[in-house]
Structure formats: C-alpha cells, structure tokens
Amino acid sequence: MKKDVILSLRNITKRFGALVALDDVSLDLYRNEVLALVGDNGAGKSTLIKIISGALIQNKGEIYLNGKKVDFATPVEAKRAGIETVYQDLALVDTLNVANNLFLGREEQVSLLGGTFKFLKHRLMEKKAQEILDTLGIKIPNIREQVKYLSGGQRQSVAVAKAAAFGKNIIILDEPTAALAVKEVGHILDLVKKCKQKGISIIIITHNLEHAFMVADRFAVLRVGKKVGERIAKDTDIDEIVKLITGGTFVVSKKGERKIKADSM
Ligand SMILES: Nc1ncnc2c1ncn2[C@@H]1O[C@H](COP(=O)(O)OP(=O)(O)OP(=O)(O)O)[C@@H](O)[C@H]1O
Ligand SMILES: [Mg+2]
C-alpha cells in the first residue's frame, strides 16, 4: 500500500545572495510519521523548515499540502493550514507569562463577548493554558510567571506544548533538545511521541542522533544544501547516518574503531 503523503516539497531552491542554502531539494512527509531532518551546521535544515512554515520564501520549487499547492507568504498562513513550528531560537516572548505565550497570536480564541470582560478573558486563558500543560504532563510552577524566569527545559516544553496544542497537521521542531538536561530531553521526546499518537506528522531537527533514533521513523539528510539521502530508521544506524551527514567514508583503525574520513565533496 502506498503511504499517505501529507506534505510534499518539490525542487526547492533557496539562495541568500550568492549563497545557495538549498539546492533542488525534494522531500515527502508522510501522515503520522516522525521525520528526523539531519545535517551538519549550515546544511540548510533551518532554512528548509522556515520555507515550510512561511517564514522564508523559496526562489524555486513548490510545496503541496494534502496534494494541494500552497504558497505561504507568512507564518500565520502556515499556522492556519495546521502547521506549527518551534524555531531554533525559541519563539517565546520573555516578558510575557506562560499563559500569554501559549495564546500569543490566538487571543481571539479566548475572547469573551468581543473582549469586553478583560479580566475574565485572562482567567479563561490561564485556565485553558493550564489544561494544555496538564494534558501533556508539563509541570510549570506558576503559569503567571514571565517566561524569562523559567529554566531552559521549561521554556522548551512551553514552546513544544504550544505547537502540540495548535498543530493540527504538522509540527516542526528545530533542535528541541539542544542544551537540555537528560530528564528534560526525555520529556520533550515523550511529547514528540504523544503528538504522533494524536495522528500528527512531525519533523524534528537535531544534531543528537541518539535522540533522533529514539523518536524518528525516517531520516532525511542534507549536506551543503542538497538532500543526500533518506533512510527508514529501523533499516539504518548512527554510523550510516553520520556517513551521509559528513560525506565521509569509514576507516577502521587497528583497534577496530570506526573513524570518519571526510571525502572531498
Ligand atoms: N537569513 C540569512 N541570510 C544569509 N544567509 C543565511 C540566512 N539564513 C541562513 N543562511 C545561510 O544558509 C546556510 C544554511 O543555513 P541554515 O540555518 O539553514 O543551516 P542549518 O542546517 O540549520 O545549520 P545549524 O545546524 O547550524 O542550525 C548557511 O550557510 C547560513 O549561513
Ligand atoms: Mg539550524
């Protein structure tokens, strides 16, 4: 049976001046899968997901969502289509509290009688925010606290919770586990699994291949702007993915250690 494609990228090219950040990249995302998008620094991962989420516009190529061509001019348009993104540089506002961050840009969803009762609106927003966090098992001591006082892991959890709560089709996470303690990493990866159980498709970017293997069904590898491989997670291993990422070949030392020898690509 042919798998169900939810998002299809066709021949995406993105240039920044003379620099070709993405070169003719085609990639499918299937319904209800976790796709790990990996590659070295500067490979084009963030650029690609920014194009999917409407934060950047490609120079060439097309995007199809559920078979229909889409042209997201802004992130708001992608959100309307059910695509939620957590960017590498977290999109939370430091000086707003947790509840306000969760509903930032969506205040209308908790509007009461056209916003006449501001106080009630805040109470309702806090109640809903607490429900979102509770559903995902996220513990934040005080959701009225400004997010600048939260730990890195808590901030990351709030950002992912926001995506999980509002992403109807696709959730994109750019380095969600970077700089987190072991326990917090486990929590974020559990959130990814919970989102998948809800039937959502997830793209996760990470430099930590162990984390990627814990959640991913499939890998797509970018190298200097080009897609150099796709692998089903259960049919591959860290060694092979590293080799794809670096373009290197393995040299086996006398001690039997496998080291990467970079090729001239
Ligand atoms: N706004 C921009 N203006 C100019 N160049 C950019 C811009 N954004 C990205 N680039 C360049 O495009 C290339 C791809 O960058 P991108 O951020 O997509 O890489 P990445 O794979 O996400 O890397 P990392 O793992 O370090 O986050 C890099 O060479 C980068 O310098
Ligand atoms: Mg990046």
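Summarised in this report is the structure supplied together with it. If you're wondering where the values come from, they're calculated on a predicted model, not measured in any experiment. (Residues numbered from 1 in each chain as written. Chains lettered and ligands numbered in written order. Predicted model: local features only at pLDDT ≥ 70, side-chain atom pairs only at ≥ 80, totals over all residues.)

## Here's the deal with the site of ligand 1
- If you check the shell around ligand 1, you find Phe16, Leu19, Ala21, Gly39, Asn41, Gly42, Ala43, Gly44, Lys45, Ser46, Thr47 and Gln88 and nothing else.
- Only β2 (19-30) and α1 (45-52) provide two or more residues apiece to the shell around ligand 1.
- Ranked by residues supplied to the shell around ligand 1, first place goes to α1 with three residues.
- Residue composition of the shell around ligand 1, by class: four nonpolar, seven polar and one charged. (Near = placed C-beta within 6 Å. Helix = DSSP H or I, 4+ residues; strand = E, 2+ residues; numbered from the N terminus. Nonpolar A, V, L, I, M, F, W, Y, C, P; charged D, E, K, R; others polar.)

## Digging into unusual backbone geometry
- In this structure, asparagine 11 is a non-glycine residue whose phi angle is positive, near 50°.
- In the Ramachandran plot, asparagine 66 falls in the positive-phi region, its phi being about 50° despite a non-glycine side chain.
- If you trace the backbone, asparagine 66 turns up in the loop between β4 (60-65) and β5 (68-70).

## Examining the sheet that holds strand β7 (residues 170-174)
- Strands sit in the order β6-β7-β8-β3-β9-β10 across an open sheet of six strands; the sheet is mixed. Of all strands in the sheet, those with a lone pairing partner are β6 (83-86) and β10 (226-232), marking the two edges. Strand-to-strand, the axes of this sheet are offset by a mean angle of 15°, without reference to chain direction.
- As judged from the six bridges shared by strand β9 (residues 218-223) and β10, these two strands associate in the antiparallel manner. Looking across to β10, one finds that phenylalanine 219 is bridged to arginine 231.
- In the packing of helix α6 (residues 182-197) onto the sheet, contacts are made with β3 (34-39), β7 and β8 (201-205), and the angle to β8 comes to roughly 155°.
- Seen against the sheet, helix α8 (residues 238-246) touches β3, β9 and β10 and runs at an angle of roughly 25° to β9. (Pairing = 2+ DSSP bridges. Axes fitted to C-alpha atoms, helices over the stretch in contact; angles between N-to-C directions. Contact = placed C-beta atoms within 7 Å.)

## With respect to the sheet that holds β4
- Spatially, the four strands line up as an open sheet ordered β2-β1-β4-β5, and their pairing is antiparallel. Pairing within the sheet leaves two strands with one partner each, and these edge strands are β2 and β5. Taking each pair of neighbouring strands and ignoring which way they run, the sheet shows an average axis angle of 25°.
- When strand β1 (residues 5-16) meets β2, the two strands line up antiparallel, connected through eight bridges.

## Points about α6
- Its 16 residues give α6 an end-to-end C-alpha distance of 23 Å, which sits within 8% of 22 Å, the value for a rise of 1.5 Å per residue.
- Among the structural elements, β3, α5 (152-166), β7, β8 and α7 (209-215) are those in contact with the buried residues of α6.
- Immediately beyond the C-terminal end of α6, within one or two residues, lies glycine 199, with a positive phi of roughly 95°. (Expected span 1.5 Å × (residues − 1).)

## Considerations on the environment of arginine 15
- Position of arginine 15 relative to the elements: it lies in strand β1.
- With 14 C-beta atoms packed within 10 Å, arginine 15 lands in the partly exposed category.
- Each C-alpha atom of the pair arginine 15 and lysine 60 lies 9.3 Å from the other, and the pair is 45 residues apart in sequence. (Buried ≥ 20, exposed ≤ 12 C-beta atoms within 10 Å, placed from the backbone.)

## Some thoughts on the pairing of β4
- Bridge count between β1 and β4: five bridges; the pairing is antiparallel. Across the sheet, residue arginine 10 finds its bridge partner in β4, namely glutamate 62.
- The pairing of β4 with β5 spans three bridges and is antiparallel. Pairing of tyrosine 64 across the sheet is with lysine 69, part of β5.

## Regarding the nonpolar core
- Membership of the largest hydrophobic core comes to 67 residues, with the highest contact counts inside it found for Leu37, Ala129, Val160, Ile171, Ile202 and Ile204.
- The element contributing the most residues to this core is α5, with six residues.
- Two domains each provide a minimum of three residues to this core, namely domain 1 (5-95 + 166-236) and domain 2 (96-145).
- With sequence-adjacent residues up to four places away left out, isoleucine 204 is seen in contact with Val34, Ala36, Leu173, Pro176, Val192, Ala212, Val215 and Ala216. (Core = buried A, V, L, I, M, F, W, Y, C linked by C-beta atoms within 7 Å. Domains from an automatic or database assignment.)

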